[in-house]
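Residue strings, one per chain:
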Amino acid sequence: CYYLSPPETIGHIISDPIHAIIYIVFMLGSCAFLSKTWIDVSGSSAKDVARQLRDQQMLMRGHREKSMVHELNRYIPTAAAFGGLCIGALSVLADFLGAIGSGTG
């Protein structure tokens with residue numbers, strides 16, 4: 001549990017960089033994984049978006065429905081993982097600055 005908790009001060013980050021690196025990797029990885037999982041659970045996967053576009057009679061020029069799912073699969077999971085990484089980075093930064101749990105966050 002020690003390595004999954006945030007370092008308390010900048011001095012702790014400098015004195016124990018392994019702790020900080022493991023914490024950052026854990027936070028960023030778990031946020032990216034949860035955001036990619038959430039798109040499947042919430043109905044925002046490529047298959048669901050393609051179905052919604054078809055129901056609204058919107059098409060991607062030059063793509064059939066199957067190829068549209070393939071094309072959307074190129075972007076949606078990547079965008080979800082990147083969004084999760086950004087949220088994770090923001091959380092790590094807030095933890096390092098002491099904003100979480102201090103009454104300022």
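The shown structure was predicted, so the numbers you read here are calculated from the model rather than taken from an experiment. (Residues numbered from 1 in each chain as written. Predicted model: local features only at pLDDT ≥ 70, side-chain atom pairs only at ≥ 80, totals over all residues. Heavy atoms only, no water.)

Draft legend 1. Inspection of the overall build of the protein chain at higher detail. When you go through the protein chain residue by residue, the secondary structure sums to 4 helices and 0 strands. In sequence order, the protein chain lays out its α and β elements as α-α-α-α. Whereas a compact globule of 105 residues would reach a radius of gyration of roughly 13 Å, the protein chain reaches 19 Å, over 25% beyond that. In terms of its C-alpha atoms, the protein chain occupies a principal-axis envelope of roughly 55 × 30 × 20 Å. By the burial criterion, 28% of the 105 residues in the protein chain qualify as buried. A sequence separation of at least 24 residues applies to 48% of the contacts in the protein chain between residues at least 6 apart. Here the protein chain has roughly 7500 Å² of accessible surface; of this, 66% comes from carbon and sulfur atoms. Measuring between centres, the 8 positive side-chain charges of the protein chain sit 19 Å from its 8 negative side-chain charges. (Helix = DSSP H or I, 4+ residues; strand = E, 2+ residues; numbered from the N terminus. Rg over C-alpha atoms; globule rule 2.2 N^0.38 Å. Buried < 20%, exposed > 50% of the residue type's maximum accessible area, 1.4 Å probe, protein only. Contact = heavy atoms within 4.5 Å. Areas by Shrake-Rupley, 256 points an atom, 1.4 Å probe, with all protein chains shown as cover. Lys, Arg positive; Asp, Glu negative; His and termini not counted. Charge placed at Lys NZ, Arg CZ, Asp CG, Glu CD.)

Draft legend 2. Summary view of the side chain of E71. Its location among the elements puts E71 in helix α4 (residues 65-97). Note on E71: relative accessible area 14%, which makes it buried. For E71, the side chain forms a polar contact with the side chain of R74, separated by 3.1 Å. Among residues more than four places away in sequence, those in contact with E71 are M60 and H63. (Polar contact = N/O pair within 3.5 Å; in protein donor to acceptor, adjacent residues only side chain to side chain.)

Draft legend 3. Main features of the confidence of the model for the protein chain. Scored by pLDDT, the protein chain has a mean of 85; 93% of the residues are at 70 or more. Confidence scores differ between elements of the protein chain, with helix α1 (residues 10-15) showing the lowest mean pLDDT of 85 and helix α2 (residues 17-41) the highest of 92. (pLDDT = per-residue confidence, 0-100.)

Draft legend 4. Just unusual backbone geometry, in detail. The phi torsion at Q57 lies on the positive side, around 60°, for a residue other than glycine. Structurally, Q57 can be placed in the loop between α3 (46-55) and α4. Residue class for Q57 comes out exposed when judged on its relative accessible area of 72%.

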